[in-house]
Amino acid sequence: MLYVLILGLIVFLGVHSTRIVAGPWRDARVAANPGRWKGLYSLASLIGFALIIWGWIGFRAEAPTIYDPPSWGRHLAMLFVWLAFVALAAAYAPVGYIKSTLKHPMLTAVILWALAHLLANGDLASLLLFGSFLAYAIVDRIAVIPRGDPAPRPVTPMGDVVALTVGTVAYAAV
């Protein structure tokens with residue numbers, strides 16, 4: 001099942017890395033047929049995601065321990081996951097100071113989520129899954145810098161209220 005997990009990560013993160021490694025090629029495909037691109041992108045993402053879940057479930061029980069997480073890791077992980085939920089909510093909320101400051105709150109959410117889980121889990125399955133997502137999100141965050149994306153505007157405090165409320169409710173629900 002280890003290989004299924006790795007294949008799923010390659011497919012899922014590979015598709016999501018297209019803009020990083022082959023931006024002009026991707027843009028040409030999108031321009032040629034946006035619907036076809038979205039369909040193939042979605043299909044490949046779903047297949048990769050399904051393989052990740054299948055591989056994770058199958059490998060997690062037998063995964064060797066690579067490191068012992070620090071005793072305080074679970075507590076810090078809870079804070080990071082809450083912050084990840086708030087950042088994720090900010091990605092879809094009206095523009096507030098959180099979204100404007102982070103510029104790419106979805107990537108920040110993935111970084112926090114992955115880091116949190118690495119602080120709380122030391123098995124190989126966790127290292128592969130969360131380490132891969134952490135590496136992807138950091139590389140993608142660095143890759144968007146040259147694009148010079150401006151901070152979203154106009155800023156309204158209501159965006160922060162929405163992000164904090166929705167993020168906190170979602171965190172509590174999970």
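To start, this report covers the structure provided alongside it.

### What to know about unusual backbone geometry
Step number 1: If you check the backbone angles, Lys103 has positive phi at about 65° while not being a glycine.
Step number 2: Position of Lys103 among the secondary structure elements: in the loop between helix 6 (97-102) and helix 7 (105-120).

### Describing the pattern of salt bridges
Step number 1: Scanning the entire structure with this criterion turns up two salt bridges.
Step number 2: The shortest N-O distance in the salt bridge between Asp27 and Arg26 comes to 2.9 Å.
Step number 3: You can call Asp27 partly exposed: its relative accessible area is 41%.

### Focus: the packing of aromatic side chains
Step number 1: All told, the structure shown has eight aromatic pairs when counted by the stated rule.
Step number 2: Relative to Trp37, the ring of Trp25 lies with its centre 5.9 Å away and its plane at 75°, an arrangement referred to as edge-to-face. Taken together, the positions of Trp25 in helix 3 (residues 23-32) and Trp37 in helix 4 (residues 34-60) put the pair twelve residues apart, joining distant regions of the chain.
Step number 3: Trp37 gets classed as buried once you look at its relative accessible area, which sits at 15%.
Step number 4: On the basis of an interplanar angle of 75° and a centroid distance of 5.7 Å, the ring pair of Trp56 and Phe130 is categorised as edge-to-face. Within this pair, whereas Trp56 is found in helix 4, its partner Phe130 is found in helix 8 (residues 124-143), the two being separated by 74 residues in sequence.
Step number 5: Joined through ring pairs, the aromatic side chains of Phe12, Phe49, Trp56, Trp113, Phe130 and Phe133 make up one cluster.

Criteria and thresholds
- Residues numbered from 1 in each chain as written.
- Predicted model: local features only at pLDDT ≥ 70, side-chain atom pairs only at ≥ 80, totals over all residues.
- Heavy atoms only, no water.
- Helix = DSSP H or I, 4+ residues; strand = E, 2+ residues; numbered from the N terminus.
- Salt bridge = Lys/Arg side-chain N within 4 Å of Asp/Glu carboxyl O.
- Buried < 20%, exposed > 50% of the residue type's maximum accessible area, 1.4 Å probe, protein only.
- Phe/Tyr/Trp six-rings, centres within 6.5 Å; stacked < 30°, edge-to-face > 60°.

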